[in-house]
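Okay, here's what each chain looks like letter by letter:
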Amino acid sequence: MEKHTFIDRYFHSQRELLDVRYSEERDINTLFTYLNNLHSAADKLHELFDCNIKTIPEFKLLRIIRNYFHHVGDVDEIRLHVKVQENVLVSHSQHILIPLEVFAKSVKSFVDKNVPDPKSKSYQYKIKFVSGEMAAVTEVFDYTTTLMRDLLFYCEKPSLNLDGTNYELGFDMYKFVFNITNIIADKCREIPELERKKVIQDLGLSYSAEMNIPKHDVYCSPFSVPITTTEGFIYAEVVTSSQPSAVSP
């Protein structure tokens, strides 16, 4: 009987989420299943093998979204191909988009849950904990500081007017799922009981943290800056909205 099937479930769900060859298997449960399997894998890796992935910034970011999805509201993904213009280089070819509003609400839910009344004895400890978690997210998401500075604003469907059309701003999860998967693959190879599993043996060389996407993964000229919206990358000549421009790309 196969042991430690939590690893099989994790890699099955991440392939369904990321690999275009499994696109026909995606449904309304795909993202929810992936996030829950990630959470379960982290718990069991720590419990069974003293392997802690919960300190990794990508995991912290995805856990914030997972907890919102699990306890508060829906998180519906939008799957689109990346639009690349001349003189633009992007690390990946597809988006896993959610509205930026949903990510902001996920962060707000995390903050609200963990920050008690200022009169509480644990207030300073909790503030330090939340600040530390968000500082870790900043390591992989450049606009965390901007988000935190005006969090309520970003919870109200932030948008920009681009070349005369209003677009709701988006948040692309692809890089974070890709990176944490590679880190988990490396961790499994270091654990004999998991390294011998077929699902790990069958992983290609691309499943390694050495292949991870860097924090700054869009290279472009000043005249072709993509802005991430719920309709994918938009390359606008005129931005007329008063919304903050710092949330792109």
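Please refer to the structure placed before this passage.
A brief look at the structure comes next. Keep in mind the model is a prediction, meaning the values are calculated, not measured. (Residues numbered from 1 in each chain as written. Predicted model: local features only at pLDDT ≥ 70, side-chain atom pairs only at ≥ 80, totals over all residues. Heavy atoms only, no water.)

### Brief notes about the overall build of the protein chain
Then comes step 1: Across its full length, the protein chain holds 10 helices and 9 strands.
Then comes step 2: Relative to the 2.2 N^0.38 estimate, which gives 18 Å for 249 residues, the radius of gyration of the protein chain is 19 Å and therefore close to what a compact globule would have.
Then comes step 3: In terms of principal-axis extent, the alpha carbons of the protein chain reach across some 60 × 55 × 30 Å.
Then comes step 4: Per-residue burial over the protein chain gives 47% buried out of 249 residues.
Then comes step 5: A separation threshold of at least 6 residues defines the contact pool for the protein chain, and within that pool the share at least 24 residues apart is 70%.
Then comes step 6: If you sum the accessible surface of the protein chain, you get close to 13200 Å²; carbon and sulfur atoms cover 51% of it.
Then comes step 7: Taking the 28 positively charged and 35 negatively charged side chains of the protein chain as two groups, their mean positions are separated by 7 Å. (Helix = DSSP H or I, 4+ residues; strand = E, 2+ residues; numbered from the N terminus. Rg over C-alpha atoms; globule rule 2.2 N^0.38 Å. Buried < 20%, exposed > 50% of the residue type's maximum accessible area, 1.4 Å probe, protein only. Contact = heavy atoms within 4.5 Å. Areas by Shrake-Rupley, 256 points an atom, 1.4 Å probe, with all protein chains shown as cover. Lys, Arg positive; Asp, Glu negative; His and termini not counted. Charge placed at Lys NZ, Arg CZ, Asp CG, Glu CD.)

### Structural notes on the pattern of salt bridges
Then comes step 1: Throughout the structure, instances matching the rule amount to 10 salt bridges.
Then comes step 2: With a shortest N-O distance of 2.7 Å, Asp8 and Lys197 are connected by a salt bridge. Taken together, the residues Asp8 in helix α1 (residues 5-18) and Lys197 in the loop between α9 (192-195) and α10 (198-201) connect sequence positions 189 residues apart.
Then comes step 3: Between Asp43 and Lys54 there is a salt bridge, with its nearest N and O atoms 2.5 Å apart. Of this pair, Asp43 sits in helix α2 (residues 30-49) while Lys54 is found in the loop between α2 and α3 (57-71), placing the two residues 11 residues apart along the sequence.
Then comes step 4: The class of Asp43 is partly exposed, set by a relative accessible area of 29%. (Salt bridge = Lys/Arg side-chain N within 4 Å of Asp/Glu carboxyl O.)

### Observations concerning the state of the cysteines
Here, the word disulfide means a covalent bond between the sulfur atoms of two cysteines.
Then comes step 1: If you walk through the whole model with that rule in mind, you get 0 disulfides.
Then comes step 2: Looking at Cys51, it has no disulfide partner, and the nearest cysteine sulfur is the one in Cys188, 7.3 Å off. (Disulfide = S-S within 2.5 Å.)

### Some points on the sheet that holds strand β6 (residues 170-172)
Then comes step 1: Spatial strand order, β1-β3-β6: 3 strands in an open sheet with antiparallel pairing. What marks the edges here is a single partner per strand, and that holds for β1 (78-81) and β6. Each adjacent strand pair in this sheet contributes to an overall mean axis angle of 40°, direction not counted. (Pairing = 2+ DSSP bridges. Axes fitted to C-alpha atoms, helices over the stretch in contact; angles between N-to-C directions.)

### Let's talk about the packing of α3 against helix α5 (residues 123-138)
Then comes step 1: The geometry of α3 relative to α5 is characterised by a closest axis approach of 8 Å and an angle of 115° between their N-to-C directions. Overall, the two elements α3 and α5 adopt an arrangement that is roughly perpendicular. Crossing of α3 over α5 shows left-handed handedness. Facing α3, whose interface residues are Pro57, Lys60, Leu61, Arg63 and Ile64, α5 presents Glu133, Met134, Ala136 and Val137. (Parallel < 35°, antiparallel > 145°, perpendicular 65-115°, else oblique. Left-handed = near helix turned anticlockwise from the far one by under 90°.)

### Focus on the side chain of Lys175
Then comes step 1: Within the secondary structure layout, Lys175 lies in helix α8 (residues 174-189).
Then comes step 2: A polar contact of 3.4 Å, which involves the side chain of Lys175, links it to the backbone oxygen of Pro214. (Polar contact = N/O pair within 3.5 Å; in protein donor to acceptor, adjacent residues only side chain to side chain.)

### Examining helix α4 (residues 100-114)
Then comes step 1: Compared with an ideal rise of 1.5 Å per residue, which puts 15 residues at 21 Å, α4 spans 21 Å between its outermost C-alpha atoms and is within 8% of the ideal.
Then comes step 2: Residues of α4 that are buried: Leu100, Glu101, Val102, Phe103, Ala104, Ser106, Val107, Phe110, Val111 and Asn114. (Expected span 1.5 Å × (residues − 1).)

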